[in-house]
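Survey of secondary and tertiary structure
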Amino acid sequence: MRDARGHQGFTLLEMAVTAGVIALLMTLAVTRWTGYLAIQRVRQGTIQVATDLRQAIERAKSERAEYTVTFVASSSSYVIARVAGGFTENTRLPDGVTVTASQVVRVSPYGQPVDGAGVRQAYTVTVQNSAGTGNVSVNATGGVSYTVP
């Protein structure tokens, strides 16, 4: 803009409006980014649990040993362990992601999920955070699948 003397510049009102628009756009961007990160974390956690359950199944088959994957409700950590000892892995989910229920997924030496009595059993593990939930299912034959938000 030019003033009466021919100088160029912006008025204080123009600067304030520009700053307000920039602040509004930044607020919207940060809000969307935070939501995006939360969704990605629950997706990553779901895929991680599915991968670790597959790992336990494959280890059980290759070593002909029973494995367990122990989850604790409202916790972001879980344990993969060989029942006879010799292998234990403490694992942690991404920040803010937790398991909804306590359970122990048992895998027979043949790679099939079983209950405490050795009977085949399907399992579902649910992970959650503020953005939603993801489910990991292990069917009675040892197949692992998952759904994410």
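Scope of this entry: the structure provided in the associated data block. (Residues numbered from 1 in each chain as written. Predicted model: local features only at pLDDT ≥ 70, side-chain atom pairs only at ≥ 80, totals over all residues. Heavy atoms only, no water.)

Notes on the pairing of strand β2 (residues 77–82)
Bridging between strand β1 (residues 67–71) and β2 involves five bridges; their strand directions are antiparallel. When the bridges of β2 are listed, T68 appears paired with A81. In textbook terms, the turn of a hairpin is the stretch between consecutive antiparallel strands, and for β1 and β2 this stretch comprises five residues, one of which, S74, has a positive phi near 60°. Summarising the sheet, β2 and strand β3 (residues 88–92) pair through five bridges and their orientation is antiparallel. The residue of β3 that forms the bridge with A81 is T88. Connecting the antiparallel pair β2 and β3 is a turn made up of five residues, with G85 showing a positive phi of about 90°. (Pairing = 2+ DSSP bridges. Helix = DSSP H or I, 4+ residues; strand = E, 2+ residues; numbered from the N terminus.)

Here's the deal with a nonpolar patch on the surface
Residues L13, V17, V21, L24, L25 and L28 make up a contiguous nonpolar surface patch of roughly 600 Å² in combined accessible area. Its place among the elements puts L28 in helix α1 (residues 12–63). A residue is classified by how much of its surface remains accessible, and L28, at 49% relative accessible area, is partly exposed. (Patch = residues over 30% accessible without salt bridge, like charges linked within 9 Å, V, L, I, M, F, W, Y side chains within 5 Å. Areas by Shrake-Rupley, 256 points an atom, 1.4 Å probe, with all protein chains shown as cover. Salt bridge = Lys/Arg side-chain N within 4 Å of Asp/Glu carboxyl O. Buried < 20%, exposed > 50% of the residue type's maximum accessible area, 1.4 Å probe, protein only.)

Some details on the pattern of salt bridges
One pass over the full model with this rule turns up four salt bridges. Across the pair R59 and E63 runs a salt bridge, and its minimum N-O distance is 3.4 Å. With a gap of four residues between them, R59 and E63 both fall in helix α1, about one helical turn apart. With a closest N to O distance of 3.3 Å, E66 and R106 form a salt bridge. Here E66 is found in the loop between α1 and β1, whereas its partner R106 is found in strand β5 (residues 103–107), with 40 residues between them in sequence. Overall, the relative accessible area of 24% leaves E66 in the partly exposed class. It is possible to trace a salt-bridge network through shared partners that takes in R59, E63 and R82.

Function-wise, these values are silent; they only describe arrangement.
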